[in-house]
Amino acid sequence: GECKAFRVDYLKCLKERDGAQYECRDVAQRYLQCRMDAGLMEKEEMSKLGYTKSNSNRRRVSQDSYKKSKESKGFIAGLSK
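First, a word on scope: everything that follows refers to the structure included in this document. (Residues numbered from 1 in each chain as written. Predicted model: local features only at pLDDT ≥ 70, side-chain atom pairs only at ≥ 80, totals over all residues. Heavy atoms only, no water.)

## Here we look at the overall build of the protein
So, step 1. Summing up its helical and strand segments, the protein has three helices and zero strands in all.
So, step 2. Within the span of the protein, comprising 81 residues, buried residues form 21% of the whole.
So, step 3. The long-range fraction of contacts in the protein, counting pairs at least 24 apart against all pairs at least 6 apart in sequence, stands at 38%.
So, step 4. Carbon together with sulfur atoms contributes 51% to the accessible area of the protein, which is approximately 6400 Å² in total. (Helix = DSSP H or I, 4+ residues; strand = E, 2+ residues; numbered from the N terminus. Buried < 20%, exposed > 50% of the residue type's maximum accessible area, 1.4 Å probe, protein only. Contact = heavy atoms within 4.5 Å. Areas by Shrake-Rupley, 256 points an atom, 1.4 Å probe, with all protein chains shown as cover.)

## What about the state of the cysteines?
Here a disulfide denotes a covalent bond joining the sulfur atom of one cysteine to the sulfur atom of another.
So, step 1. Across all of its chains, the model carries two disulfides by this definition.
So, step 2. Residue pairing for C3: its cysteine sulfur links by disulfide to C34, the two sulfurs lying 2.1 Å apart. Disulfide C3-C34: torsion about the S-S bond near -90°, hence left-handed. Taken together, the positions of C3 in the segment before α1 (4–16) and C34 in helix α2 (residues 25–37) put the pair 31 residues apart, joining distant regions of the chain. Side by side, C3 and C34 carry an identical accessibility label, which is buried.
So, step 3. At a sulfur-sulfur separation of 2.0 Å, the disulfide partner of C13 is C24. Classification of the bridge connecting C13 and C24 rests on its S-S torsion, roughly -95°, and on that basis the disulfide is left-handed. (Disulfide = S-S within 2.5 Å.)

## Some thoughts on the nonpolar core
So, step 1. Counting residues in hydrophobic clusters, the biggest one holds nine residues: Y10, C13, L14, C24, V27, A28, M36, M46 and Y51.
So, step 2. Sorting the residues of this core by element identifies α1 and α2 as the ones contributing at least two each.
So, step 3. Residues within four places of C13 in sequence aside, it is in contact with E23, C24 and V27. (Core = buried A, V, L, I, M, F, W, Y, C linked by side-chain atoms within 4.5 Å.)

Dropping the structure here:
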């Protein structure tokens with residue numbers, strides 16, 4: 001497809017970072033922009049999709065909070081041990 005390279009880059013980023021999507025936000029944003037430009041999804045302002053000019057500041061907070069979260073230790077919502 002038209003945006004395959006962006007999709008591959010995003011999935012590669014996720015794999016390299018053990019699924020930590022906050023570290024792949026910039027790649028995800030490029031993928032979404034490609035999909036909108038190609039008419040594969042409805043155009044939407046990036047700010048409504050959670051992408052703002054201050055994402056670099058938010059990313060640092062997200063990384064710190066993720067390291068302390070239950071999810072970083074393998075917790076999966078809805079599953080009981």
